[in-house]
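Spelled out from the first residue to the last, the chains are:
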Amino acid sequence: MSETASISSGIAARYATAIFELAQEGSALPKLEAGVDALAEALDASDDLRAMITSPVISRAEQGAAIAALAKKMKLPAELGQGLALMAEKRRLFALPQLVKSLRAMLAEHKGEVTAEVTSAKALTKTQADKLAKTLKASVGKDVKINATVDDSLIGGLVVKVGSKMINTSIRSRLNSLQNAMKEVG
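A brief report on the enclosed structure follows. (Residues numbered from 1 in each chain as written. Predicted model: local features only at pLDDT ≥ 70, side-chain atom pairs only at ≥ 80, totals over all residues. Heavy atoms only, no water.)

### Comments concerning the overall build of the protein
The helix and strand tally for the protein stands at eight helices and four strands. Counting helices and strands in the order they occur from the N terminus, the protein gives α-α-α-α-α-α-β-α-β-β-β-α. When its C-alpha atoms are laid out on the principal axes, the protein stretches across 65 × 40 × 30 Å. The proportion of buried residues among the 186 residues of the protein is 33%. By sequence separation, contacts in the protein at least 24 residues apart represent 68% of the contacts at least 6 residues apart. Summed over all atoms, the accessible surface of the protein reaches about 11700 Å², with 55% contributed by carbon and sulfur. (Helix = DSSP H or I, 4+ residues; strand = E, 2+ residues; numbered from the N terminus. Buried < 20%, exposed > 50% of the residue type's maximum accessible area, 1.4 Å probe, protein only. Contact = heavy atoms within 4.5 Å. Areas by Shrake-Rupley, 256 points an atom, 1.4 Å probe, with all protein chains shown as cover.)

Take a look at the structure:
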């Protein structure tokens, strides 16, 4: 992990802990989860939002006003909105993607879930995702939440990461293994 990523993760973890504990005290964890999901979608969808949180040109006041307007429009829970406002005031919005990741991990742990990062060649159907979650639950022993992404370079198959374990059944990895074996032979 690079030094910058490590610093961002550390900053995000502190804010995430505070936001999570405030939401937990107020029995607002379901609202927090919905807010975090909405914020993650907004970050994925908006180039302008990503530019705003990382731009050194935009002042604290402008970032604060923008993030407050965003929180109000998205109807984010108070704990999350206040945390974002504080991050803007301290010029820490660059750590927002790591904050979302940290909050998702805390919420999942609280619910007894683990998250599986699944990369597939084609988008998984609801039935396939449910079946995979059920299979992983039997293996891991906890409820599994699927975070699916698509990478058409895999050709076929899946790459599944649960915690520190990785299962790679992609055709691309099998072709690479075959290619390496052929190099060793000839």
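Having seen the structure, we can now continue with the description.
### Comments concerning the environment of Thr135
Assignment of secondary structure puts Thr135 in helix H7 (residues 126-140). Reaching out from Thr135, the side chain makes a polar contact with the backbone oxygen of Lys131 at a distance of 2.9 Å. (Polar contact = N/O pair within 3.5 Å; in protein donor to acceptor, adjacent residues only side chain to side chain.)

### Regarding the pairing of strand S3 (residues 158-162)
Consecutive residues of a regular strand have side chains that alternate between opposite faces of the sheet. Relative to S3, strand S1 (residues 113-120) is paired through five bridges, and the arrangement is antiparallel. Counted as the bridge partner of Val118 is Val160 from S3. In terms of strand pairing, S3 meets strand S4 (residues 165-168) through four bridges, oriented antiparallel. Directly across from Val159, in S4, lies its bridge partner Asn168. With antiparallel pairing between neighbouring strands as the criterion, S3 and S4 make up a hairpin whose turn holds two residues, including Gly163 at a positive phi of roughly 60°. (Pairing = 2+ DSSP bridges.)

### Regarding the nonpolar core
By size, the foremost hydrophobic cluster in this structure holds 32 residues, and its most contacted members are Leu32, Leu80, Leu84, Leu99 and Leu103. Breaking this core down by element, the ones donating at least two residues are helix H1 (3-25), helix H2 (29-45), helix H3 (47-54), helix H4 (60-74), helix H5 (78-89) and helix H6 (96-111). Those residues in contact with Leu103, other than ones at most four positions away along the chain, are Ala16, Ile19, Phe20, Leu32, Val36 and Leu80. Judged by nonpolar contacts, the second largest core, of eight residues, contains Ala116, Val118, Leu132 and Leu136. (Core = buried A, V, L, I, M, F, W, Y, C linked by side-chain atoms within 4.5 Å.)

### Comments concerning the pattern of salt bridges
Counted according to the given criterion, the structure contains eight salt bridges. Between Asp143 and Lys137 there is a salt bridge; the shortest N-O distance is 2.9 Å. Taking the relative accessible area as the measure of exposure, Lys137 reaches 41% and is therefore partly exposed. (Salt bridge = Lys/Arg side-chain N within 4 Å of Asp/Glu carboxyl O.)

### Description of the environment of Val144
As for its position among the elements, Val144 is in strand S2 (residues 143-150). For the pair Val144 and Ala51, spaced 93 residues apart in the sequence, the C-alpha separation amounts to 32 Å. Ignoring anything within four residues of it in the chain, the contact list for Val144 reads Val114, Ala116, Ala133, Leu136 and Lys137.

### Things to note about the packing of H5 against H6
Where H5 meets H6, the closest approach of the two axes is 12 Å, and the angle between their N-to-C directions is 150°. Considering the angle they form, H5 stands roughly antiparallel to H6. The chirality of how H5 crosses H6 is right-handed. Here Leu80, Leu84 and Met87 of H5 come into contact with H6, specifically with Leu96, Leu99 and Leu103. (Axes fitted to C-alpha atoms, helices over the stretch in contact; angles between N-to-C directions. Parallel < 35°, antiparallel > 145°, perpendicular 65-115°, else oblique. Left-handed = near helix turned anticlockwise from the far one by under 90°.)

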